[in-house]
Amino acid sequence: MTLEWLPLLGLGLYAANVALGAGLQLQWWSLHRAKWVHHALYFAVCVTTLGSGYALFNLERRWWVLLVTLGCLAYLPKARGGTGLHRSLTVTGLLAYVLALI
């Protein structure tokens, strides 16, 4: 069974979570009591990023670039949402994810 689809799934989930978080910060929509959706998606992103690293390792591709993404994801809960640090970590992690796949 090939795992070539997993990195694309992970990138899609990451992009969806970034879009959701940006929309919340820009007040395009509000989750009110359903902020757990954003956090559940964050957890899914973390899991698929780990799986993507495994898949890229087996495909002999740039798996090590995902270490930047994993580092950003690991530090993200310590950066308060809406701050410049939170946004910087998010964008850096997303760009590293894209670089790992090209």
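Refer to the structure presented above.
Rules used in this analysis
- Residues numbered from 1 in each chain as written.
- Predicted model: local features only at pLDDT ≥ 70, side-chain atom pairs only at ≥ 80, totals over all residues.
- Heavy atoms only, no water.
- Axes fitted to C-alpha atoms, helices over the stretch in contact; angles between N-to-C directions.
- Helix = DSSP H or I, 4+ residues; strand = E, 2+ residues; numbered from the N terminus.
- Parallel < 35°, antiparallel > 145°, perpendicular 65-115°, else oblique.
- Left-handed = near helix turned anticlockwise from the far one by under 90°.
- Contact = heavy atoms within 4.5 Å.
- Core = buried A, V, L, I, M, F, W, Y, C linked by side-chain atoms within 4.5 Å.
- Buried < 20%, exposed > 50% of the residue type's maximum accessible area, 1.4 Å probe, protein only.
- 1 Å grid on protein atoms, 1.4 Å probe; cavity = no way out; pocket = protein on both sides within 12 Å on 5 of 7 lines; lining within 4 Å.
- Points joined across faces, edges and corners; volume = space filled by probe spheres on them.
- Patch = residues over 30% accessible without salt bridge, like charges linked within 9 Å, V, L, I, M, F, W, Y side chains within 5 Å.
- Areas by Shrake-Rupley, 256 points an atom, 1.4 Å probe, with all protein chains shown as cover.
- Salt bridge = Lys/Arg side-chain N within 4 Å of Asp/Glu carboxyl O.
- Phe/Tyr/Trp six-rings, centres within 6.5 Å; stacked < 30°, edge-to-face > 60°.

So, about the packing of helix 3 (residues 66–75) against helix 4 (residues 84–101). How two helices pack is summed up by the angle between their axes together with the distance between the axes. Orientation of helix 3 relative to helix 4, taken along the N-to-C sense of each, is 155°, at an axis distance of 8 Å. In terms of their interaxial angle, helix 3 and helix 4 are classed as roughly antiparallel. Between helix 3 and helix 4 lies a crossing whose hand is left-handed. Touching Leu66, Val68, Thr69, Cys72 and Tyr75 of helix 3 are Leu85, Leu89, Thr92, Gly93, Ala96, Tyr97 and Ala100, all from helix 4.

Take the nonpolar core next. Leu73 and Tyr97 are the most contacted members of the largest nonpolar core, which totals 16 residues. Elements with a contribution of two residues or more to this core: helix 1 (5–25), helix 2 (36–58), helix 3 and helix 4. Setting aside residues up to four positions removed in sequence, Tyr97 forms contacts with Pro7, Gly10, Leu11, Tyr14, Thr48, Thr49, Ser52, Leu66 and Thr69.

Looking now at the packing of helix 1 against helix 4. Contact pair helix 1 / helix 4: the axes reach a minimum separation of 11 Å and the direction vectors enclose 155°. In terms of orientation, helix 1 lies roughly antiparallel with respect to helix 4. As helix 1 packs across helix 4, the resulting crossing turns out to be left-handed. Of helix 4, the residues touching helix 1 (which contributes Pro7, Leu8, Gly10, Leu11, Tyr14, Ala15 and Val18) are Leu89, Thr90, Gly93, Leu94, Tyr97, Val98 and Leu101.

Now for the side chain of Thr48. Secondary-structure assignment places Thr48 in helix 2. Those residues within four positions of Thr48 in sequence are excluded, and the remaining contacts are Leu6, Leu9, Gly10, Leu13 and Tyr97.

As a further point, take the layout of surface pockets. Its volume calculated, the largest pocket comes out at about 740 Å³. For the lining of the largest pocket, the elements supplying multiple residues, two or more each, are helix 1, helix 2 and helix 4.

A contiguous nonpolar patch, built from Phe57, Trp63, Trp64 and Leu67 and spanning about 450 Å² of accessible area, is present on the exposed surface. Note on placement: Trp64 falls in the loop between helix 2 and helix 3.

With that settled, consider the packing of aromatic side chains. Each aromatic ring pair is summarised here by two numbers: the centre-to-centre distance and the angle between the ring planes. A full pass over the atoms with the stated rule returns three aromatic pairs. Ring geometry for Phe57 and Trp63: centres 5.7 Å apart, planes at 80°, overall edge-to-face. One aromatic cluster is present, formed by Phe57, Trp63 and Trp64 through successive ring pairs.

By themselves, these observations are geometric and do not establish any function.
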